[in-house]
Amino acid sequence: MRIGTRLVLVCLPLGAFLLFLTLPAHAWPGSDTGDPFTMTVDGVACRTGRATVRLHNQTRQLARFDLKSDGVSVASGSIPARKTIVRHVRVTRGSGAEIEAFSVSDNAPETLIDSTRLENDCPWGHHRKQLPFTGPPTDLLAKLATAGGMVVMGGILWWYGSIWPRSS
């Protein structure tokens with residue numbers, strides 16, 4: 001490989017990195033500056049089975065919203081200017097929910113602002129540090145099965161030992 005080719009191969013990642021840094025800020029994914037509010041969702045609290053949803057108004061005017069869980073409206077109302085409101089959305093244990101925030105206005109249909117998929121994978125039962133009772137301990141059953149197998153095997157050996165010398 002020639003030295004020129006090696007230099008090009010070395011400079012290629014550096015050039016890609018510099019190009020990456022010069023991208024304009026609006027090319028990055030994130031919140032849209034034209035949205036009237038933003039939505040942030042915390043994880044599901046295992047004790048209550050609810051997720052905390054925060055809606056923050058970015059504008060200087062009242063913003064109306066509709067919060068839906070799996071397409072069903074769970075909260076609606078308005079957010080005062082530059083304020084944050086908190087709503088709690090129930091997520092059933094062992095399943096998930098699609099949380100969607102819509103902006104509502106008189107002259108336009110509902111506009112989707114943000115959506116998040118949540119999974120409620122909290123442990124079952126009331127005692128989180130103790131497993132639920134699922135039957136007798138397995139070591140007891142294993143000992144009983146071994147003892148039963150030894151009794152049956154002993155009976156077979158005794159029977160075979162009693163007929164083997166007489167077969168000739």
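Up top you'll find the structure we're talking about.
Residues numbered from 1 in each chain as written. Predicted model: local features only at pLDDT ≥ 70, side-chain atom pairs only at ≥ 80, totals over all residues. Heavy atoms only, no water.

(A) Fine view of unusual backbone geometry. Notably, Asp70 is not glycine yet its phi reads approximately 55°, a positive angle. Looking at where Asp70 falls in the secondary structure, it is placed in the loop between strand E3 (63-69) and strand E4 (72-79). For Arg82, which is not a glycine, the phi torsion comes out positive at approximately 55°. (Helix = DSSP H or I, 4+ residues; strand = E, 2+ residues; numbered from the N terminus.)

(B) The state of the cysteines, seen in detail. Taken as a whole, this structure holds one disulfide when the rule is applied. Residue pairing for Cys46: its cysteine sulfur links by disulfide to Cys122, the two sulfurs lying 2.2 Å apart. Between Cys46 and Cys122, the S-S torsion sits near -85°, and that sign places the bridge as left-handed. Taken together, the residues span a long stretch of sequence, with Cys46 in the loop between strand E1 (37-45) and strand E2 (50-57) and Cys122 in the loop between strand E7 (111-119) and helix H2 (138-163) at a distance of 76 residues. When its relative accessible area of 7% is taken as the criterion, Cys122 is described as buried. (Disulfide = S-S within 2.5 Å. Buried < 20%, exposed > 50% of the residue type's maximum accessible area, 1.4 Å probe, protein only.)

(C) Focus on the sheet that holds E3. Reading across from one edge, E4-E3-E6-E7 is the order of the four strands in this open sheet, with antiparallel pairing throughout. Pairing within the sheet leaves two strands with one partner each, and these edge strands are E4 and E7. Put simply, the sheet's adjacent strands are angled 20° from each other on average, direction ignored. Direction of pairing for E3 relative to E4: antiparallel, over a ladder of seven bridges. Note on E4: the bridge partner recorded for Asp66 is Ser76. (Pairing = 2+ DSSP bridges. Axes fitted to C-alpha atoms, helices over the stretch in contact; angles between N-to-C directions.)

(D) Structural context of a nonpolar patch on the surface. Side chains of Leu14, Phe17, Leu18, Phe20 and Leu21 sit close together on the surface and give an oily, nonpolar patch of about 510 Å² of accessible area. Relative to the helices and strands, Leu21 resides in helix H1 (residues 3-21). (Patch = residues over 30% accessible without salt bridge, like charges linked within 9 Å, V, L, I, M, F, W, Y side chains within 5 Å. Areas by Shrake-Rupley, 256 points an atom, 1.4 Å probe, with all protein chains shown as cover. Salt bridge = Lys/Arg side-chain N within 4 Å of Asp/Glu carboxyl O.)

(E) How the structure looks around the layout of surface pockets. Taken as a whole, the largest pocket encloses approximately 160 Å³ of empty space. Listed by contribution, the elements that provide at least two residues to the lining of the largest pocket are E3 and strand E6 (96-104). The class makeup of the residues in the lining of the largest pocket is four nonpolar, four polar and two charged. (1 Å grid on protein atoms, 1.4 Å probe; cavity = no way out; pocket = protein on both sides within 12 Å on 5 of 7 lines; lining within 4 Å. Points joined across faces, edges and corners; volume = space filled by probe spheres on them. Nonpolar A, V, L, I, M, F, W, Y, C, P; charged D, E, K, R; others polar.)

(F) The arrangement of the pairing of E3 in detail. Where burial is concerned, most of E3 is hidden: six out of the seven residues are buried. Between E3 and E4, which pair antiparallel one after the other, the connecting turn spans two residues, and Asp70 there sits at a positive phi close to 55°. Two strands pair when backbone bridges link them, and E3 and E6 are joined in this way by six bridges, in the antiparallel orientation. Its bridge partner being in E6, Phe65 is matched across the sheet by Ser103.

(G) Molecular detail of the side chain of Lys68. Of note, Lys68 is situated in strand E3. Exposure remark for Lys68: the relative accessible area of 16% places this residue in the buried category. Among the polar contacts listed, one links the side chain of Lys68 to the side chain of Glu110, at a separation of 3.3 Å. Setting aside its immediate chain neighbours within four residues, Lys68 contacts Ser73, Val74, Glu98, Ile99, Glu100, Phe102 and Glu110. (Polar contact = N/O pair within 3.5 Å; in protein donor to acceptor, adjacent residues only side chain to side chain. Contact = heavy atoms within 4.5 Å.)

(H) Layout of the sheet that holds E2. One open sheet holds the three strands; their spatial order is E1-E2-E5, and the pairing between them is antiparallel. In the strand order of this sheet, the two ends are held by E1 and strand E5 (84-90), each with one partner. Averaged over all neighbouring strand pairs, the angle between strand axes comes to 20°, with direction disregarded. Two strands pair when backbone bridges link them, and E1 and E2 are joined in this way by seven bridges, in the antiparallel orientation. When the sheet's bridge partners are listed, Ala45 is paired in E2 with Arg50.

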